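Below are the chains, spelled out letter by letter.
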Amino acid sequence: ATPQKFSLHLTKIPYTATQSTIRFAFLQKGCHVTSIRLVYDTNQSTGEKHFRGVAFVDLADEISFQKGLEFHQTAFLGGGRKVNVRVTKSKGELSEIVKRTEQKVADLIARSKEKKEKEKS
């Protein structure tokens, strides 16, 4: 079995945050951070990158992971918005979510078509 990865998905991070400020916040809480990945949008015309306020933070152990989860719904890094902290989903879990969503959409389209057919008759 592969060892469990202690990865957190953060959203609503202040746009001024950097890898360093995020790492420091986790260190102050007593977390051992192994890596941080920030998510950027790229302006198609200028090529300029803008931080989206989303990051993935990988932690070394269960204790760091649990402490990191405590940031959920707090004013992270002095931002006005409360940060969301969730367990990062694996690619397998994400593909399952996508499949379920596609099935729901297909069902909704089918029901909508049935409703329109009934309205015509």
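The shown structure was predicted, so the numbers you read here are calculated from the model rather than taken from an experiment.

What counts as what
Residues numbered from 1 in each chain as written. Predicted model: local features only at pLDDT ≥ 70, side-chain atom pairs only at ≥ 80, totals over all residues. Heavy atoms only, no water. Salt bridge = Lys/Arg side-chain N within 4 Å of Asp/Glu carboxyl O. Helix = DSSP H or I, 4+ residues; strand = E, 2+ residues; numbered from the N terminus. Buried < 20%, exposed > 50% of the residue type's maximum accessible area, 1.4 Å probe, protein only. pLDDT = per-residue confidence, 0-100. Arc of directions from axis to C-beta. Polar contact = N/O pair within 3.5 Å; in protein donor to acceptor, adjacent residues only side chain to side chain.

This part takes up the pattern of salt bridges. Inspection of every chain in the model, using the stated rule, returns five salt bridges. A salt bridge links Asp58 to Arg37, with the nearest nitrogen and oxygen atoms 2.6 Å apart. Here Arg37 lies in strand β2 (residues 33-42) and Asp58 lies in strand β3 (residues 49-59), a separation of 21 residues in the sequence. For Asp58, a relative accessible area of 5% translates into the label buried.

Once that is clear, we can look at the confidence of the model for the protein. Residues with a pLDDT of 70 or more make up 96% of the protein, whose mean pLDDT is 88. Across the protein, the secondary-structure element scoring lowest on mean pLDDT is helix α3 (residues 91-120), at 82, and the one scoring highest is helix α1 (residues 19-28), at 96.

So, on to helix α2 (residues 62-69). Ser64, Phe65 and Gly68 are the residues of α2 that are buried. Angularly, the buried residues of α2 cover 100° about the axis, an arc narrow enough to put them on a single face. With a side-chain oxygen lying 3.3 Å from the backbone nitrogen of Ile63, the N-terminal cap of α2 falls on Asp61.

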